[in-house]
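Architecture and fold: a report
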Amino acid sequence: MDKIIRQAVEDLAKSKKAIALTGAGISVESNIPPFRGKGGIWEKFDPMEYAHIDAFLKDPVKVWNALLKDMKEIIDNARPNDGHLGLARLEQMGILKTVITQNVDGLHQMAGNTDVIEFHGNFAWHYCMECNNRIKTKDVDLSDIPPRCACGGIYRPECVFFGEMIPPLNLMRSRQVSSTCDLMLVIGTSAIVQPAALMPIIAKQSGAKVIEINPEQTPLTGSVSDYIITSKAGEAINRIMAELQTLL
Ligand code: NAD
Ligand code: ZN
């Protein structure tokens, strides 16, 4: 493992345009459960029953009670971990240019990254489904479920439900930075949810190196990834940062 990290960091130090693609796994050490894998939310829920837009439109009370209430509580209290902080440091060092994240928790921005593409939208804001009035998630009043706007409309988060389109500009920019980067860090993503999972393939086909950080195997492991660091995001990033110091 030491040798793999050393080689990966040598490529990272040489790169001129590194980017990162992150998934729920990078926020696990901030106590936000992932969807898939050990302790994942989908061990308890069927995604199509709770996280599909049709399910929300059919029964917003059920989805608010089972999923969104807890998500608000967890995300309201979450703080960046060493994984997020390391990526912010890599940006300050001029190495990392952009973070594409599938997460909706806002922790990359809180850590200090300034160019974050939120592929699946964000959970920092909600909007009224009747009049489009926007409200910060921390100001959404949960004393009545579902929470409602003054006009009577139901609030929903600005994140993308299954069955909804990826915000077109986010998709376009993600494809663009993926096809022009020379190195991609792929951290804590099961690489199953499309079209986000295509980004490492686009990067690889465009000649970039791919460094994957995940304690478990994914469809990218052994095919798309040049280096696989099989440990938790925070630990792996700390080791990468320490190794980087010895090279600069
Ligand atoms: P996922 O839940 O499908 O998979 C998580 C991956 O992280 C798994 O491959 C797992 O092995 C890995 N992992 C677990 N612990 C880890 C750790 N400590 N360090 C590194 N990796 C770890 O996540 P996904 O691929 O991002 O995709 C699914 C969707 O889930 C995304 O659309 C995202 O919007 C949504 N989601 C977001 C959050 C969040 O905002 N924090 C949380 C849960 C789900
Ligand atoms: Zn309204």
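Residues numbered from 1 in each chain as written. Chains lettered and ligands numbered in written order. Predicted model: local features only at pLDDT ≥ 70, side-chain atom pairs only at ≥ 80, totals over all residues. Heavy atoms only, no water.

1. Here's the deal with the side chain of threonine 221
Residue position: threonine 221 is located in the loop between strand 8 (209-213) and strand 9 (227-229). From its side chain, threonine 221 meets the backbone nitrogen of threonine 218 in a polar contact 2.8 Å long. If sequence neighbours within four positions are ignored, threonine 221 has contacts with Glu212 and Ile228. (Helix = DSSP H or I, 4+ residues; strand = E, 2+ residues; numbered from the N terminus. Polar contact = N/O pair within 3.5 Å; in protein donor to acceptor, adjacent residues only side chain to side chain. Contact = heavy atoms within 4.5 Å.)

2. What to know about the packing of helix 1 (residues 2-14) against helix 9 (residues 233-247)
Between helix 1 and helix 9, whose axes approach to 9 Å, the crossing angle comes to 60°. Relative to helix 9, the crossing made by helix 1 is right-handed. Residues Asp2, Ile5, Arg6, Val9, Glu10, Leu12 and Ala13 of helix 1 form the contact with helix 9, whose participating residues are Arg239, Ile240, Glu243, Leu244, Thr246 and Leu247. Along the lines of polarity and charge, the residues of the contact of helix 1 with helix 9 split into seven nonpolar, one polar and five charged. (Axes fitted to C-alpha atoms, helices over the stretch in contact; angles between N-to-C directions. Left-handed = near helix turned anticlockwise from the far one by under 90°. Nonpolar A, V, L, I, M, F, W, Y, C, P; charged D, E, K, R; others polar.)

3. Quick word on the site of ligand 1
Surrounding ligand 1, one finds 25 residues, the nearest of these being Phe35, Arg36, Gln102, His120 and Ser190. The separation between an oxygen atom of ligand 1 and a polar main-chain atom of valine 104 is 2.8 Å. Between an oxygen atom of ligand 1 and a side-chain N or O atom of asparagine 214, the distance comes to 2.7 Å. Surface burial for ligand 1 is 93%, taken as the share of its 850 Å² of free accessible area covered by protein chains. For the shell around ligand 1, the class distribution of residues is ten nonpolar, ten polar and five charged. (Near = heavy atom within 4 Å. Areas by Shrake-Rupley, 256 points an atom, 1.4 Å probe, with all protein chains shown as cover.)

4. So, the nonpolar core
One finds Phe45, Phe56, Leu67, Leu68, Met71 and Phe123 to be the most contacted residues of the largest nonpolar core, which totals 28 residues. Contributions of two or more residues to this core are made by helix 3 (53-58) and helix 4 (60-77). If one sorts the elements of this core by residue count, helix 4 sits on top with seven residues. Residues lining this core come from more than one domain, with at least three contributed by each of domain 1 (1-32 + 80-123 + 166-248) and domain 2 (36-77 + 125-158). Those residues in contact with phenylalanine 45 that lie beyond four places of it in its chain are Tyr50, Ala66 and Leu67. One finds Leu96, Leu183, Ala236 and Ile237 within the second-largest nonpolar core, a separate group that totals 25 residues. (Core = buried A, V, L, I, M, F, W, Y, C linked by side-chain atoms within 4.5 Å. Buried < 20%, exposed > 50% of the residue type's maximum accessible area, 1.4 Å probe, protein only. Domains from an automatic or database assignment.)

5. With respect to the coordination of the zinc ion (ligand 2)
Taken together, the protein ligands of the zinc ion (ligand 2) are Cys128 (SG), Cys131 (SG), Cys149 (SG) and Cys151 (SG), with distances of 2.3 to 2.4 Å. Because the angles between the four donor atoms bound to the zinc ion (ligand 2) fall within 101 to 119°, the donor set is best described as tetrahedral. With relative accessibility at 0%, the residue cysteine 128 sits in the buried group. With relative accessibility at 47%, the residue cysteine 151 sits in the partly exposed group. (Donors = N, O, S within 2.8 Å, 3.2 Å for Na, K, Ca; no water. Tetrahedral: all angles 85-135°; square planar, octahedral: opposite > 155°, others 65-115°.)

6. Overview of the domain arrangement of the chain
Entries for the chain in the domain assignment read domain 1 (1-32 + 80-123 + 166-248) and domain 2 (36-77 + 125-158). Distance from the C-alpha centre of domain 1 to the C-alpha centre of domain 2: 28 Å. Listed by partner, the interface residues are eleven residues for domain 1 and twelve residues for domain 2. Taking both sides of the interface into account, the surface hidden between domain 1 and domain 2 amounts to around 950 Å²; carbon and sulfur atoms contribute 65%. Inspection of the region where domain 1 meets domain 2 yields four residue pairs in polar contact (both at pLDDT 80 or more). Residue composition of the side of domain 1 that touches domain 2, by class: five nonpolar, four polar and two charged. (Buried area = accessible area lost by both parts, 1.4 Å probe.)

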